[in-house]
Amino acid sequence: MHEDVTQVLFTQEEIAETVKRIGAEISRDYAGKKLLLVTVLKGAFIFMADLVRAIDSEVEIDFMEVSSYGTEAKSSGIVRIIKDLDSSIEGRHVIIVEDILDSGLTLKYLCKNLNSRKPLSVEIATLLLKKEKQEADITCKYLGFCCPDEFVVGYGLDFSERYRNLPYIGVLDPKVYS
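In short, a report on the structure. Owing to the predicted nature of the structure, the values given are computational and were not obtained by experimental measurement.

The strand order β1-β9-β8 describes an open sheet built from three strands, whose pairing is antiparallel. Strands at the two margins of the open sheet, each flanked by one partner only, are β1 (5-10) and β8 (152-153). Sheet topology note: the β8/strand β9 (residues 169-172) ladder contains two bridges and is antiparallel. Bridge pairing in β9 places V152 opposite V171.

Right, let's get into the sheet that holds strand β6 (residues 121-129). In spatial order, the strands read β4-β3-β2-β5-β6-β7; together these six strands make up an open sheet with mixed pairing. In this open sheet, the two strands that pair with only one neighbour each are β4 (80-83) and β7 (142-146). Within the sheet, the average angular offset between the axes of one strand and its neighbour, ignoring direction, is 30°. On top of the sheet, helix α1 (residues 12-29) reaches β2 (35-41), β5 (93-101) and β7; it is set at about 160° to β7, its chief contact. Helix α3 (residues 105-115) rests against β2, β3 (59-67), β4, β5 and β6 of the sheet, and its axis sits at about 170° to β5.

Following the criterion strictly, the structure yields 12 salt bridges and no others. Among the salt bridges present, the one from D50 reaches R53, with a minimum N-O distance of 2.4 Å. Taken together, the positions of D50 and R53, both in helix α2 (residues 45-53) and three residues apart, correspond to about one turn of that helix. The class for D50 is partly exposed, based on a relative accessible area of 27%. Taking relative accessible area as the criterion, R53 reaches 63% and is therefore assigned exposed. A salt bridge links R164 to D158; its shortest N-O distance comes to 3.2 Å. Taking relative accessible area as the criterion, R164 reaches 12% and is therefore assigned buried.

With that settled, consider the environment of F10. Within the element layout of this structure, F10 appears in strand β1. Along the chain, F10 and E58 lie 48 residues apart, while their C-alpha atoms are 29 Å from each other.

A few words now on the packing of α1 against α2. Between α1 and α2, whose axes approach to 8 Å, the crossing angle comes to 55°. Taken together, the axis directions place α1 and α2 in an arrangement best described as oblique. As for how α1 packs across α2, the hand of that crossing is right-handed. Counted together, V19, I22, G23 and I26 of α1 and F47, D50 and L51 of α2 form the full contact between these two elements.

The rules we used
- Residues numbered from 1 in each chain as written.
- Predicted model: local features only at pLDDT ≥ 70, side-chain atom pairs only at ≥ 80, totals over all residues.
- Heavy atoms only, no water.
- Pairing = 2+ DSSP bridges.
- Helix = DSSP H or I, 4+ residues; strand = E, 2+ residues; numbered from the N terminus.
- Axes fitted to C-alpha atoms, helices over the stretch in contact; angles between N-to-C directions.
- Contact = heavy atoms within 4.5 Å.
- Salt bridge = Lys/Arg side-chain N within 4 Å of Asp/Glu carboxyl O.
- Buried < 20%, exposed > 50% of the residue type's maximum accessible area, 1.4 Å probe, protein only.
- Parallel < 35°, antiparallel > 145°, perpendicular 65-115°, else oblique.
- Left-handed = near helix turned anticlockwise from the far one by under 90°.

Following this line, the structure appears as structure tokens:
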């Protein structure tokens, strides 16, 4: 365990099993359909890489980068699109692949933005859900884990671009970001 992590919440093995389960659910639900996974960079890139390999259906990927945190530990509430999609989503089934859903404000904005582009459907797959923190009414069709209201890092999740490479998800020591 990294010295700045106080507790491991989800091990590498638990994450792998959960990603496999979500991939099987998506494969079942989209069998015979063309699917586009939209990954929210940077935090979800590792989840996305593992998830796409766990899906048996035809799948394409695209990337967006949005920011509401900057270098802070708490969302600013202001969402900026830093990198938009490279292709049109009109008439396509889309799943937004997200690392963590806490307040839901960023995802609410993203769903509204993508739905305005006339896809056939937009669903959400999130690895982590902080149910207590949710401010926006967001429903995730594909959910990995419910997560306590802690600042978590690892498996793509970061604080100031650090800790993404940890193979597990753990609680970051508050002294690091206080």
